[in-house]
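Next come the chains, spelled out residue by residue.
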Amino acid sequence: MKSTHPLAMRSTLPILAFAATSLTSAATFAGEFAASGDYQAGAEAVDFVSFETEPARYVPTDADPSCVPPAFTLVTAPDALSGEGFVNLKVQPNCAERFLLNLPAADGSYRISAWVRHGRAILSVVVLYTDESGLARTVTPLGPTGRVTSDGWVEMASNEVPVRGEQVNAAYLRVIDAGAADGLDIDALEAVTAGEFEEQKACKGAWDPVCGLDAVCVHGACAAGRLAVPPLPSDALINPMVDGFAGRIRTFFGGARSRKERLPQALATIEAMRKAQTAWQFWGGLARATNQLADWHTSMGLPLGGDPKYILNACFIEGSADLTQTGWPKHPLYADVLVSHAATIGAAGLNAGDRLVAVDGQHPIAWARSLADVNPGHHTATDPSVFADLTEALGGPFWGGALIIKYAKTISVIRCNAAQGTCDGKVETLDVSSFTQTGGQEVYCDNRPFYHFKTGNPGSNHAVFYNFFSGQIKNTTDEEAIYGVVWDTLYGGGDPNGYVNGNLKKLMTQWKASARGVILDHRAGSGGTLDAPELLTRLVRPPDVAAVNLMPIVIAGYSGPDTVEEGLLLFDKFKSKSPYNVGAPDYDPDLPVALLLHRDGSASDYLPLGMKGAPNTRIFAPHPTAGAFSTFVNMAYYGAFEIQLASGDTITSQGDAKIGHGVEPDEVVAQRQSDLLAGKDSLHEAALTWLRDHLKPLETP
Amino acid sequence: MSFLPRSKTAFFAAAFAIYLSGCNVAEEVNPAETSSTTTSSTTTQPEPEPSAVVPKRTVFVRNPLGEPAANLLVDGDFELSITAGGGQYGWRKFNSGGSVEIAMTAETGGLCRTGLTCARFKKGEIMFGRGTAAALNKGHVMSVYARVPEGIACQKVNVIAVECDTFKPLKASATEPDLENGFCHYKDTFAPSSSAVCLYLTNTLPADAVAIVDSAVLAPNDGTVPYQYSLEPDLPAGTLLTMQNVRDLIHRTTRFEKPAPSVPPP
C-alpha cells in the first residue's frame, strides 16, 4: 500500500496546502434569516427559486411516460420558508422530479442548496452539457448542513460544482422523496457563486499527482472528490460527527479477528478527520477508514468519477500459469492472473489463457490491493489471505469492478495461442488509453471459464447473476447420471418455496431420485440469506448445529472470544437462540456432491461451512472462501451515500470464531493456463474425476 | 407504570441527563442576529434585542448523526434509517400484525426533539430499533421521547426492551408523568444482558393520530444510576405473538450478501 499517495497523507498535511482556493472552505450557509424569520437569498446568489410561481422543470427525453407528469403541487402558505410559496412533492417509485437552475453563461463554480421538510429528500445537482461540447455530465449529491428551523425545514447543500456556462444544456436539482407521509416540501432553491471554474484535468493512473490532493484519477480524468460527497461539516459539527461515526464503528463493527486486526487503524483514520479542511478530506477519510476495515460486507459506496472512457470486455481469474512461469516466475504471495474469458471485440485482443503479469508495473493483485487508499467501496475478502474479489474486479463492466479501466495506466500481458497450445513468452505492455472506447459485448466475471451442461448453459456474456442453470453434465453418460447446477445467489429471503429455495428444493428432489453424482458450481457466490445454505446442506448430512450467529454484534465492542473455551461457552449459550442448523434426517449419504467455489462470501461462506465434512461431499477451490461470517447494519446518510458495516461473528461447534477465516477447500485446485488454452475447466475436471470414482451405487432391481 | 420509587426516578433523571449532556451540539441561531454564523455549544447565547417583530421561526444547528455518540442503538436519533429502499437500518417498521415490513416515515427539523429527523408513528404500527448489550456486564438505561397529539395519553405508546435474537421482553418502560417540552418521556433501567438488546415500540393510538418518536437512547448503566431489577414485563399474549412474527420476519430475511455497487443516478 503506497503511503505517499495524497489521500493517504491528507490527515497530516498542513492547512496551507488547501488554502489556495475557495473550494476548500468549511461548510458555510447560503442565505440568511431576517428578523421576521423569513429566509433571504445570499448576496452571492446567482439563482434563487422561491416557488412563488410554477418552477421550470427538466424532463429527460428518454423518461418513462409515467415519470413525465409533474410530481409536485405549488403550495401557498404562511409557513413557506421564503415568500409565500413552496412545492410539495410526491415522486412515483423509479421516477424523479427535476427543477431547472438558471446559471450564468460565464464559467464558474456554484454551491446549490435547498430547504426541505416532512420527509427525507434525496437530492443531487446535475449539469448536462451539449453534445458538441464533448463534456461529461456532473452529478453531485446534496447533504445536510445541520441548519434546521423550528417549523421543520432542513437545509441541504452541495459542494462547489464547476460549470462551463456556455456549454450547459441543462442544470437541475434532481429530487426523490422518501419517508414523506404527505409529500415532501421544498423551498428556497439557491445557487451561490463559489469560486472559479475548475477545469477537469486529464490524468493517467490512480496515483497521478496532477490530480492533487482533493481529486482521484478515475477513467483518465481527475475526479474531484467533493463532487461525490456532502459538504464538509461546520466547525461546530465536525467533532460531534467524528464522534458519531467512531462511536458506531467502535460499538458495532465486526467480530474477533476483524476488530483486533483492523479496527485500530480505521479509528485512527477517523480521528484524523477532525482536522479535515475540505469535504473530500473528511468524507474521503471516512471512505478510507471503511476500506481499512477490510471486510467483505463493509463498504461506503461513493460514485466517484464519471462515465468510463474505455472498455475492457475481459475477465480475469487466479490460476497457475504453467506455460509461462519459466519466463515470468510466480509471485511468492499471489497466484498468477489469467484471462478467464473475453469478448471478441473490445477486449484489447485478450483471449482465454493469456496471462496478465502486471498492472502499472506491479503484480495485478498487489496493484489492486493498493487501491484501498483511493477507491471508495474497495471490495475485499475478510480473510486476509484471499484475493479473489480483487482479481475478479480487475475486469468486467464499469459498475461491477473494472479496476483496470478506472485506475490503471498500463497492463502487461503474455499472449498465448490456443490453437497451438503455446504462449510466446513475450511481455507486451498496453496503454489503457489505447483500449477501444465502445463496442463489443459486455462480459461478466464469474470465475467460470466454461460451462458444462449438455443443454441450457449461460450465454457467452456469463450473465449468471440471479439465475439458475441446471442439467446433465456434458461428456457424461446417462448411466453415470451426473447432474449439476450453476448459480450465484443464496437469497432465499425467508420464503421456503420462493424463487431460490423453490429451485433448490426441486433440484434436490430430482437429484435424490435420479442422480448418481452432483456438481454444485457456486464460483461467484454473492451470499443471500441463511435459509438457502441450510436447505442445501439437507442433501448431504444429518442434522446438526454447525455454528451459532452472534450478530449483529451481541455485546457493544466485543472483540472475543479470545480462547476456544470462551468460544465453546458462547456456542452453548446461543445454540438455541441463533443456531446455524444444517442437515436433515433424510439426507442422501450415498450421493456424492462436489461443491465448486472460488469467490464466495457470507451466506456463500456458510454453505461450505455447513457442507464441510459431510459424508460424501468434497469442496474444490483454489483457496478459502472470503470468511465473511457475519451480517451487517446499514446507515443511510441523507441520500448522499450509504455505509454498510459488518457486525457480529460466527462461532463454530468447536468454539472457533470464524470471521476472517474462510472455509478451506478439501481439494485445492488452481485453474491451469494449459487447460484454458485446451478449453478445459480445471476445477470442473477435478470434480468430475472425483465424482466418477464415487458414483452413487446403482439400485438393484 | 413505573418500577421505580419516585425519589429514585428523580435521581435517575438527573443522572441520565448528565449522561446525555456534553453530547448535545444543538444550538439556536437567533434570526434577529447573526443567523449565518455558528458558535460553540458551550458559548452562552446573548440575550435577544427587544424587537417588535415576532419571528415566525427560529433556526438551529443540529448534528445530522444525532446524539449521543455512545448510544448502544445503531440509530437512536432516527437520522440514518430513512431511505427510498429497504435494508438493515437502525430502525425498521412493521404492520400491526408484524408480518410485513413497511417504510419508515419521517418528520424533520425543529419538529423533532433532537437531530434532523424523527419518526412518525401511526396507529398499530410497530418499530424495531437495532441495538446491542452494554459491555462488562453492566445494566442498562433506556430512554425514548414521543410527542402524542393533545388529549391522548402517553401510555398509548409503549417502549419495550427485548433480546434481539429471541424477542424475549426485558423491560417495558415506565412513562414519566409530566411532559417535557411537549414530549412524553419513556425511561427505565434493566439488568445486564449477555444477548443483544433491541427496542420494540408499539402503540394504541386512535386512527389518524400520529406520534413523533425521537431521541432513543440505550446506554450502559455505569453505576451512577441506581436501578432495581424487575421481573420480566407481563405482556398480553397478543403482543407476544406479534413480537414473534416480527422476530421471525427479521430473522428469515437477515441478509448475508455482497454490498451493491455505487453508480451515479441517471
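Residues numbered from 1 in each chain as written. Chains lettered and ligands numbered in written order. Predicted model: local features only at pLDDT ≥ 70, side-chain atom pairs only at ≥ 80, totals over all residues.

1. Here we look at the overall build of chain A
Looking only at helices and strands, one finds 13 helices and 34 strands in chain A. Its C-alpha atoms give chain A a radius of gyration of 28 Å, within 12% of the compact-globule value 27 Å for 701 residues. Each principal axis of the C-alpha distribution contributes one length, and for chain A these read about 95 × 60 × 50 Å. Every one of the 701 residues in chain A was classed for burial, and the buried ones make up 59%. (Helix = DSSP H or I, 4+ residues; strand = E, 2+ residues; numbered from the N terminus. Rg over C-alpha atoms; globule rule 2.2 N^0.38 Å. Buried ≥ 20, exposed ≤ 12 C-beta atoms within 10 Å, placed from the backbone.)

2. Looking at the sheet that holds strand S18 (residues 336-342) of chain A
All names here are of chain A. Here we have 6 strands laid out as an open sheet, ordered S21-S20-S19-S18-S17-S34, and mixed in their pairing. The open sheet has two edge strands with one neighbour each: strand S21 (422-431) and strand S34 (671-672). Taken together, the 6 bridges between strand S17 (residues 314-320) and S18 define a ladder with antiparallel strand orientation. Across the sheet, residue Cys315 finds its bridge partner in S18, namely His341. (Pairing = 2+ DSSP bridges.)

3. Observations regarding the interface of chain B and chain A
Counting from both sides, the interface comprises 71 residues of chain B and, opposite them, 84 residues of chain A. At the level of elements, strand S2 (59-61), strand S5 (106-108), strand S6 (117-122), helix H2 (237-253) and strand S15 (256-257) of chain B are the ones that each hand at least two residues to the side of chain B that touches chain A. Counted by class, the side of chain B that touches chain A contains 33 nonpolar, 25 polar and 13 charged residues. Bridge analysis of strand S25 (residues 527-528) of chain A against S15 of chain B gives 2 bridges, and the strand direction is antiparallel. What sits directly across from Gly528 of chain A, in S15 of chain B, is Phe256 of chain B. (Contact = placed C-beta atoms within 7 Å. Nonpolar A, V, L, I, M, F, W, Y, C, P; charged D, E, K, R; others polar.)

4. Structural notes on the packing of helix H2 (residues 235-252) of chain A against helix H3 (residues 256-272) of chain A
Residues and elements named next belong to chain A. Their axes nearest at 9 Å, the elements H2 and H3 cross at an angle of 170°. For the element pair H2 / H3, the angle class is roughly antiparallel. Contacts from Val242, Phe245, Ala246, Ile249 and Arg250 of H2 reach H3 at Ala266, Leu267, Ile270 and Glu271. Partitioning the contact of H2 with H3 into residue classes produces 7 nonpolar, no polar and 2 charged. (Axes fitted to C-alpha atoms, helices over the stretch in contact; angles between N-to-C directions. Parallel < 35°, antiparallel > 145°, perpendicular 65-115°, else oblique.)

5. Remarks on the domain arrangement of chain A
In many analyses, interface size is given as the accessible surface area lost on bringing the parts together. Here chain A is partitioned into domain 1 (22-197) and domain 2 (469-543 + 583-627 + 662-693). Inter-centroid distance (C-alpha atoms) of domain 1 of chain A to domain 2 of chain A is 51 Å. (Domains from an automatic or database assignment.)

6. Structural notes on the nonpolar core
Counting residues in each nonpolar core, the largest one holds 285 residues, and the members touching the most others are Ala114, Leu173, Ile186 and Ile404 of chain A together with Ala146, Leu199 and Val213 of chain B. By residue number, the principal contributor to this core is H2 of chain A, which donates 8 residues. Setting aside chain neighbours within four positions, we find Ala114 of chain A in contact with Leu123, Leu142, Met156, Leu173, Ile186, Ala188 and Leu189 of chain A. (Core = buried A, V, L, I, M, F, W, Y, C linked by C-beta atoms within 7 Å.)

7. Quick look at the packing of H3 of chain A against helix H4 (residues 279-292) of chain A
Residues and elements named next belong to chain A. Put simply, H3 and H4 touch, their axes get as near as 8 Å, and they point 175° apart. Judged by the angle between their axes, H3 and H4 are roughly antiparallel. The segment H3 lies against H4, with Arg262, Gln265, Ala266, Thr269, Ile270 and Ala272 engaging Gly285, Leu286, Arg288, Ala289 and Gln292. Taken together, the residues of the contact of H3 with H4 break down into 5 nonpolar, 4 polar and 2 charged.

8. Some details on the confidence of the model for chain A
Scored by pLDDT, chain A has a mean of 94; 96% of the residues are at 70 or more. Every residue in residues 1-27 of chain A scores below 50 in pLDDT, and together they form 52 contacts with partners more than four places removed in sequence or on other chains. (pLDDT = per-residue confidence, 0-100.)

9. A word on the environment of Ser320 of chain A
Residue and element names in this part refer to chain A. Positionally, Ser320 belongs in strand S17. You can call Ser320 partly exposed: it has 19 C-beta atoms within 10 Å. Spatially, the C-alpha atom of Ser320 lies 57 Å from that of Pro69, the residues being 251 residues apart in sequence. Ignoring anything within four residues of it in the chain, the contact list for Ser320 reads Asp336, Ala670, Arg672 and Gln673.

10. Things to note about the sheet that holds strand S4 (residues 101-102) of chain B
All names here are of chain B. Taking strand neighbours across the sheet as the criterion, the 6 strands line up as S4-S3-S7-S13-S9-S10 in an open arrangement whose pairing is antiparallel. Lying at the two open borders of the sheet, with one neighbouring strand each, are S4 and strand S10 (169-172). H2 contacts strand S3 (91-94), S4, strand S7 (126-129) and strand S13 (197-203) of the sheet and is inclined by roughly 55° relative to S7.

11. With respect to helix H10 (residues 564-574) of chain A
Residue and element names in this part refer to chain A. Within H10, the full set of buried residues consists of Gly567, Leu570, Phe571 and Phe574. Seen end-on, H10 carries its buried residues on one side only, within an arc spanning 105°. In the core, the buried residues of H10 are packed alongside strand S26 (544-550) and strand S32 (649-652). (Arc of directions from axis to C-beta.)

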